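Structural description and commentary
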Amino acid sequence: MMHVDRYEQIWIRLSVFVLIAFILAVLTASVSAGIQVPGVVQRVDPNTVTEPGSPWAEPGLRELAPGKYEAYILAQIWVFTPDEIRVPAGSEVTFYVTSKDVQHGFKILDTNINMMVIPGQVSKLTARFDEPGTYTMVCHEYCGVGHHTMYGRIVVEPTQAAAE
Amino acid sequence: MAVQSMAQTPDEAVRDVHAAEARFALENTLTRWLIGIAMVALSIGILLGIFQGFEHAGLDLYRFIRPAIKDYYQGLSLHGVLNALVWTTFFIVGFFTLAITRSLDRPLSHPWLNVVGFVLMVTGLVLTAYPLWWNLATVLYTFYPPMQADWTFYVGLTLIVVGSWFAGYGFFATLIRWRKENPGKRTPFIALTANITMAMWQLATLGVAAEMLTQLIPWSLGLIEGVDPLLARTYFWFTGHPLVYFWLLPAYISWYAMVPKQAGGKLFSENLGRLVFWLFLLLSTPVGFHHQYTDPGIPTGWKFLHAILTYGVAFPSFITAFTVCASLELGGRARGGKGWFGWIRRLPWNDPSYTAQNLAMILFAFGGISGITNASYNVNLAIHNTTWVPGHFHLTVGAAVTLTFFGIAYWMVPKLSGRQLFGRRTALVQAWTWFFGMLLFANAFHLLGLRFGVPRRTMLGAAPYRDPAWTPFLMESLVGVILLTISATLFFYVILMTVLAGKKLTKPVEMPVAQALDQDKIPAWLDSWKPWVWGAIFLIILAYGPILYQFISEMQPTSPGFRVW
Ligand code: HEM
Ligand SMILES: [Cu+2]
């Protein structure tokens, strides 16, 4: 075996300990705090994804139950459709985003929503909007010369109860 | 290296070393060309970086270089390709050509391999530059399909990589020959670790090779109708993460084996150093999904597996931090430094080559920490594709690697040109301004990304959602950019003046090679390739095999090409 300096041994043990602690922290955050990264949803054909019968033929917000929504969003150069969504505060919205042309990004500022949008794939994440206000959603993957103009808004409106 | 005996006169010593250099004439020519091309590429790349920095701060300077550069994104494509791909690859191959042959004290065994490699790399560069310049490849340096560049762009990049493979074959052949000539001897540290880096590169580039050959090249030539963008991304990041180790390991070689010598110290633990490089060979590649945490279509279990392996590949960098610091401390103490921190002041801070590299190490500590954040699975959601990311990698490749290469150039250019470094003080100012410039620039970008979620790869000055709250940070980054502009100017000035007007060397420059403190025998497993190479292949198959198999068998090549610029 090889000789390792005593202090360096301590350092090495410490490094291993720190790295294992990180793994456990991340694991805890995703299991108990439920902060999820996107996974497998479904595959689509980007050439036909806006044809009748596809949920992206008429993208937009759908109410599943009071306070529970699905938002189907279509990304294409250089717009999101729809580019504005209104929900009451306290709503839980699940986003389903796909692209009909090149790759795009989808990030809603001040939330945990951050995904790549890849033609042929569906990106899905869920967020709760408790604070009323306007949230900006931006495309954060280069998608051509108009990339920096590709954005939208999510308007979270105060509920009746909160307004009183 | 020439050994000087006591009885020699200085003249004889010079003649001896010149004679020794004559053996390396071809190697020196290759290195001169490679690092020369690297520096020209970097000068253009940096110029465009400066334009980007000003644009973000609200000063659109692009109208002054139209029609040469059409817009922000063409400039950004050039910035990424020239800096991250051309400057690095050409410099590394050039540096290794010199370092491996000096470390083994023998010329290349099959120089034609390296000459072929060089010709391929230059041809590739010309093919890549043509569409970039004519705005036919404004796809950024990651060229994600289905954005489609001119075919010359893909073929050119492929040739650069294949050229670097040939350079690698030349290095392997030389090492094998040396081992035959020196049975039972252990491979010198620099030659071994440089070859490990090239071996890692061979494995790592299989991903991008598959992407180019099975998808992008036939598709851009019209031979196939469509590509599968997720599969292409997966191939890309198979190479994309080890790519950053391909940049970093040459800097580590200098930190382990050269800088301690320049500091008057010794390599604190050569055995651990070797172990570190083998671990990089083992772990660099099977981690690519940590660039795809936010991608749809990849099972989260696979992402998590790569997250764990990513923490594994952080481990050798932790060891490096200790060993390199301890090696420098040996130097500081040998130079009379006392006390807990007194040795730091005694380090050769008046030597620009040393100073640049020590400052590079400090910036790498910050870059490493922000890198661990990026790698942390769901924490990545906070910063993915925000300006945090360019903040991070300007500390790593833009500072740790680039500033180290500057430091290497400060001894290597004199060695290759036979002239003294022009303007030692200017070179010192260069190192410090790069340090503070990158620090401010990166700090501002990190904060903009983390606090405000500002997107990267975006012409922010023209973005309708631009927020006045960003301004103070953009101003901070502007101060950084101005310092970097000064620093870059000084660097090219020093190098040009050295080559054109430097005083002739009276004493030849030798490659600095640090002695190891632990002279005890190296365990056999630290000098044998087989277990590590097979281990690396095994881990790649484990971490990529089943999922890639699934992606390929369920491939949907439905995306036609788009030209969106
Ligand atoms: C004077 C020095 C530099 C300045 C002012 C500068 C500035 C910038 C800026 C502002 C961006 C962000 C562009 C955006 O996201 O829209 C950027 C991106 C980038 N820089 Fe630099 N940079 C410099 C040097 C370097 C160096 C030395 C390297 C590498 C060796 C480098 C590699 C990159 C890469 C790879 C990108 C990402 C390009 C992309 O997203 O496609 N930069 N740079
Ligand atoms: Cu977009």
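Source: prediction; values computed, not measured.

Brief notes about the overall build of chain A
- Check the secondary structure of chain A and you find two helices and 10 strands.
- Listing each helix as α and each strand as β along chain A from the N terminus yields α-β-β-β-β-β-β-β-β-β-β-α.
- Against the globule reference of 15 Å for 164 residues, chain A gives a C-alpha radius of gyration of 21 Å, more extended than a compact globule.
- If one aligns the C-alpha atoms of chain A with their principal axes, the spans along those axes are about 70 × 45 × 30 Å.

Things to note about the environment of B:Pro286
Residue and element names in this part refer to chain B.
- Here Pro-286 lies in the loop between α10 (270–283) and α11 (300–334).
- A residue is classified by how many C-beta atoms lie within 10 Å of it, and Pro-286, with 26 of them, is buried.
- Separated by 256 residues in the primary sequence, Pro-286 and Leu-542 place their C-alpha atoms 8.2 Å from one another.
- Those residues in contact with Pro-286 that sit more than four places away from it in its chain are His-306, Leu-309, Leu-539, Ile-540, Leu-542, Ala-543 and Tyr-544.

Brief notes about the nonpolar core
- Counting 214 residues, the largest nonpolar core has B:Ala38, B:Phe90, B:Ala360 and B:Leu363 as the members making the most contacts within it.
- Of all the elements, helix α3 (residues 72–104) of chain B adds the most residues to this core, at 20 residues.
- Leave out the neighbours within four places in its chain, and B:Leu363 touches B:Leu395, B:Ala399, B:Ala400, B:Phe435, B:Met438 and B:Leu439.
- Of all hydrophobic cores here, the second largest spans 10 residues; its members include A:Phe22, A:Val26, B:Tyr293 and B:Ala307.

As for the interface of chain B and chain A
- Counting from both sides, the interface comprises 57 residues of chain B and, opposite them, 56 residues of chain A.
- Broken down by secondary-structure element, the contributors of at least two residues to the side of chain B that touches chain A are α8 (229–257), α10 and α11 of chain B.
- No other element matches α11(B), which puts 10 residues into the side of chain B that touches chain A.
- In the side of chain B that touches chain A, the residues fall into 34 nonpolar, 15 polar and eight charged.

Some thoughts on the site of ligand 1
All names here are of chain B.
- Around ligand 1 sit 25 residues, and of these Gly-49, Gly-80, Asn-83, Ala-84 and Leu-484 come closest.
- Looking at the shell around ligand 1, the elements that each hand over two or more residues are α2 (25–56), α3, α15 (388–417) and α17 (471–501).
- Each residue belonging to the shell around ligand 1 can be placed in one class, and the counts come to 12 nonpolar, 11 polar and two charged.

Remarks on the domain arrangement of chain A
- For chain A, the assigned domains read domain 1 (1–35) and domain 2 (60–163).
- Measuring from the centre of the C-alpha atoms in domain 1 of chain A to the corresponding centre in domain 2 of chain A gives 37 Å.

Let's talk about α3(B)
Residues and elements named next belong to chain B.
- With 33 residues, α3 extends 46 Å between its outermost C-alpha atoms, agreeing within 8% with the 48 Å of an ideal straight helix rising 1.5 Å per residue.
- For α3, the principal kink sits at Leu-82 and spans about 30 degrees.
- Most of α3 sits out of view: 33 of its 33 residues are buried.
- One or two steps after α3, the chain reaches Asp-105, where phi turns positive at roughly 55 degrees.

Some points on the packing of helix α7 (residues 206–220) of chain B against α8(B)
- It is at 6 Å that the axes of α7(B) and α8(B) come closest, and there the two elements cross at 145 degrees. Packed against α7(B), whose contacting residues are B:Gly207, B:Val208, B:Ala210, B:Glu211 and B:Gln215, the element α8(B) presents B:Ala232, B:Tyr235, B:Phe236, B:Phe238 and B:Thr239 at the interface.

Thoughts on the pairing of strand β7 (residues 114–117) of chain A
Residues and elements named next belong to chain A.
- Alternating positions in β7 separate into two faces, Asn-114 and Met-116 on one and Met-115 and Val-117 on the other, with burial throughout.
- By the bridge criterion, four bridges tie strand β6 (residues 104–108) to β7 in an arrangement that is antiparallel. Within β7, the residue paired with Phe-106 across the bridge is Met-115.

Let's talk about the environment of B:Ala307
- Examined against the element boundaries, B:Ala307 turns out to sit in helix α11.
- Judged by C-beta crowding, with 27 C-beta atoms within 10 Å, B:Ala307 ranks as buried.
- C-alpha of B:Ala307 to C-alpha of B:Ser553: the two residues are 246 residues apart in sequence and 25 Å apart in space.
- In this view, B:Ala307 contacts A:Val26, B:His290, B:Ala375 and B:Tyr377; residues no more than four positions away in its chain are not counted.

Quick look at the pairing of strand β10 (residues 151–157) of chain A
All names here are of chain A.
- As defined by bridge partners, strand β4 (residues 84–88) adjoins β10 across five bridges and the pair is classed as parallel. Paired with Ile-85 across the two strands is Ile-154, which belongs to β10.
- Of the strand pairs in this sheet, strand β9 (residues 133–138) and β10 are connected by six bridges, and their pairing is antiparallel. Paired with Met-137 across the two strands is Gly-152, which belongs to β10.

Considering the environment of B:Trp470
All names here are of chain B.
- Tracing the chain through its elements places Trp-470 in the loop between α16 (424–452) and α17.
- On the neighbour-count criterion, Trp-470 (20 C-beta atoms within 10 Å) is buried.
- Considered as a pair, Trp-470 and Leu-447 are 23 residues apart in the sequence and their alpha carbons are 9.5 Å apart.
- Every residue in contact with Trp-470, bar those within four places of it in the chain, is listed here: Leu-448, Phe-452 and Val-454.

Topic: the sheet that holds β4(A)
Residue and element names in this part refer to chain A.
- The sheet built from five strands is open, its strands ordered β4-β10-β9-β6-β7 with mixed pairing. Since the sheet does not close on itself, it has two edges, and those belong to β4 and β7, each with one partner. Averaged over all adjacent pairs, the angle separating strand axes in this sheet is 20 degrees, with direction ignored.

The rules behind each value
- Residues numbered from 1 in each chain as written.
- Chains lettered and ligands numbered in written order.
- Predicted model: local features only at pLDDT ≥ 70, side-chain atom pairs only at ≥ 80, totals over all residues.
- Helix = DSSP H or I, 4+ residues; strand = E, 2+ residues; numbered from the N terminus.
- Rg over C-alpha atoms; globule rule 2.2 N^0.38 Å.
- Buried ≥ 20, exposed ≤ 12 C-beta atoms within 10 Å, placed from the backbone.
- Contact = placed C-beta atoms within 7 Å.
- Core = buried A, V, L, I, M, F, W, Y, C linked by C-beta atoms within 7 Å.
- Nonpolar A, V, L, I, M, F, W, Y, C, P; charged D, E, K, R; others polar.
- Near = placed C-beta within 6 Å.
- Domains from an automatic or database assignment.
- Expected span 1.5 Å × (residues − 1).
- Bend = angle between axes of the 7 residues up to and from the residue.
- Axes fitted to C-alpha atoms, helices over the stretch in contact; angles between N-to-C directions.
- Pairing = 2+ DSSP bridges.

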